[in-house]
Amino acid sequence: EEPTSDQHPIPDMKRHSQPSPLNCPEGITFKKKGVKRKRVEDGAQPEEPPLHHTCASGRSEGLSEYELQRLKNIKQNQAFLSSLQLPQVTEVLKPRAKPVHQGIKKERNVEVQSLRKSLRLQNKDPTAHPSPKAHASVNMDNDIVAYKSGPIQVVPVNVDENSKLPEMLLELWNEEPLNNKQDRPDLKRYQSILRKMSIDSNAVAKVVKERIFSATFHPCISSLLLAAGDKSGHLGLWNMGGDWGDDGVLLFKPHSRPISCLAFSSQPSNLLSVSYDGTARSMDLEKAVFEEVYHSDSGLKSFDFLSSDCSTMLIGHWDGDVVIVDRRTPGTLYESLHTLDPKTLRSVHVHPVQRQYFVVAESRSVHIYDCRCLKRINTSPVCELSGHSLSISSAVFSPSTGNRVLTTCMDNNIRVFDTSRLVTSIPILSRTKHFMQTGRWLSKLSAVWDPKQDDCFVIGSMDRPRRIQVYHESSCLLQSLQSEDHLTTVCSVTAFHPNKHAVLGANASGRLHVFSNS
């Protein structure tokens, strides 16, 4: 039927319709209008047009300019984030596990303070009641001069009162040391031994309660046994790996003021100590007492053994005097007293071979004296070691031959002098720059020789990260012993083991750190 004039003509759908891809013959694909048909071979994937095809007008087919800019920004941000290395930084910034503290436990004394009221509120006359601060200062002065005379029982303060000393401690105490005169390694092999030294959590322990003034090793080789003296007069013994006391630590109280120097005597083995309270004591475990060897009204700073059997001692006073004490003589008096410096005296050390000579670090000078020529006052020195501009912390002979003297000075220098010939003016061999300004809350740094290596010494450091440094006498740094996990404080007091490859470092909180290659 023909359409009327008021009706729209119906288009021929067969002529204008496009074949659907669903109805097209196999192998034929169709694209948008204006794109030529392309036959795809059987089994082959049809090629996809590129996402970013730029036409002549500058536009891209498929993505707009905004989307292209967004993809570009994402790519730049990813490159920037990868350059920051955030995963590595996150690992570094992760909180580390707190180390397990060994040694004596910290006492928590909670003091309940009474409510303070002024004298006005108490209806009292201020002029009739002295200030409590004045009484506190007087009591403090009385505590300083007070001391216990006579022998003191060896009773640990950190264990039960009725407990006995461990038998293992007595065995270590009486163990015969090795002969130290053995073949010494050359410098290259010695440095390789130092590089193998390490520290772990088992080699750190709190041995005393307060700042350590002195520390040393026992010469036994079956175990590492250490001793340390602190500011309040406590003496701590620590056997690494031991199970007695607090993680192998036994704490004693033989003195009332800082223990300035410690040293073990030869057989029979005793631990000698001198203190600012003016006493020198000998720790005898067989008798279980701290015997009083010497007493003075002034503080004692340093000592050394004049005889090879350790029966005669040379003790230095703070006020510049030195005394010779014979331990075999009953009583606590000296054999002779000699004034060497009118101001102060820092250290005394005896020549290891020619024991009649000893070196003294005085206020700003270092001299070598002959004990056979000592006078009561105005004693003339045999030699002078000049060149120090500030106060000297210590001066020690080399351990085996005595051909060198090592001095530590507050002018930030460590000096080595040639004492192979004791002439009037001793020549200097080397000078090592080392920062010595520790402040008032740390013990002063002092360089000490390695008893197994006559030309190498060790000293603490103020550098960060914290470390203990070993030098050759030629000012060559051999090794820096450090650990970010187990050594985080300044070790002012250092010492080598006399028979094993081990180094200790003592800090101001009463802890000992031990580096060893075992």
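Residue numbers restart at each chain and count upward from 1, following the sequence in its written direction. Where local features are concerned, this predicted model is filtered to residues with pLDDT of at least 70; where side-chain atom pairs are given and counted, the filter is 80 or more; whole-chain, interface and lining totals use all residues. Hydrogens are left out, water is left out, and the side-chain values use all remaining heavy atoms of the structure.

We now examine the overall build of the chain. Only DSSP runs of H or I covering at least 4 residues are called helices, and only runs of E covering at least 2 are called strands; the numbering of each starts at the N terminus. On a plain count of helices and strands, the chain comes out with six helices and 33 strands. For every residue, the accessible area obtained with a 1.4 Å probe (protein chains only) is divided by the maximum for its type, and the residue is called buried under 20%, exposed over 50%, and partly exposed between those limits. Going through the 518 residues of the chain one by one, you find that 45% of them count as buried. Note on definitions: a residue-residue contact is assigned when non-hydrogen atoms from the two residues lie within 4.5 Å. Intrachain contacts of the chain at a sequence separation of at least 6 include 52% that bridge at least 24 residues.

Turning to the sheet that holds strand S30 (residues 477-481), a few remarks are in order. In spatial order, the strands read S27-S28-S29-S30; together these four strands make up an open sheet with antiparallel pairing. Of all strands in the sheet, those bounded by a partner on one side alone are strand S27 (448-450) and S30. Between one strand and the next, the sheet's axes are offset by a mean angle of 30 degrees, whatever the strand orientation. Note on pairing: DSSP must find at least two bridges between two strands before they are called paired. The sheet contact formed by strand S28 (residues 453-460) and strand S29 (residues 468-472) spans five bridges and is antiparallel. Paired with isoleucine 459 across the two strands is glutamine 469, which belongs to S29. Helix H6 (residues 187-195) rests against S27, S28, S29 and S30 of the sheet, and its axis sits at about 10 degrees to S30. As a rule, the C-alpha atoms of each element are fitted with a line to give its axis, helices using only the stretch in contact, and angles between N-to-C directions run from 0 to 180 degrees.

Proximity of charged atoms lets side chains of opposite charge pair with each other. By definition here, a salt bridge exists when the distance from a side-chain nitrogen of Lys or Arg to a carboxyl oxygen of Asp or Glu is within 4 Å. Taken as a whole and judged by the stated rule, the model has nine salt bridges. The salt bridge involving glutamate 91 is made with lysine 94; its shortest N-O contact spans 3.3 Å. With relative accessibility at 51%, the residue glutamate 91 sits in the exposed group. Of the residues examined, lysine 94 reaches a relative accessible area of 45% and is grouped as partly exposed. Salt-bridge contacts for aspartate 326 lead to arginine 328; the nearest nitrogen and oxygen are separated by 3.0 Å.

What follows covers the pairing of strand S19 (residues 345-350). With five of six residues buried, S19 lies mostly within the body of the structure. The antiparallel hairpin formed by S19 and strand S20 (residues 357-362) contains six residues in its connecting segment.

Extensive coverage of strand S15 (residues 300-305) is indicated by the burial of six of its six residues. Here S15 pairs with strand S16 (residues 312-317) via five bridges, running antiparallel. Bridging from a neighbouring strand, phenylalanine 305 pairs with methionine 313 of S16. Following S15, the chain reverses through six residues before pairing antiparallel with S16; cysteine 310 in that reversal takes a positive phi of roughly 65 degrees.

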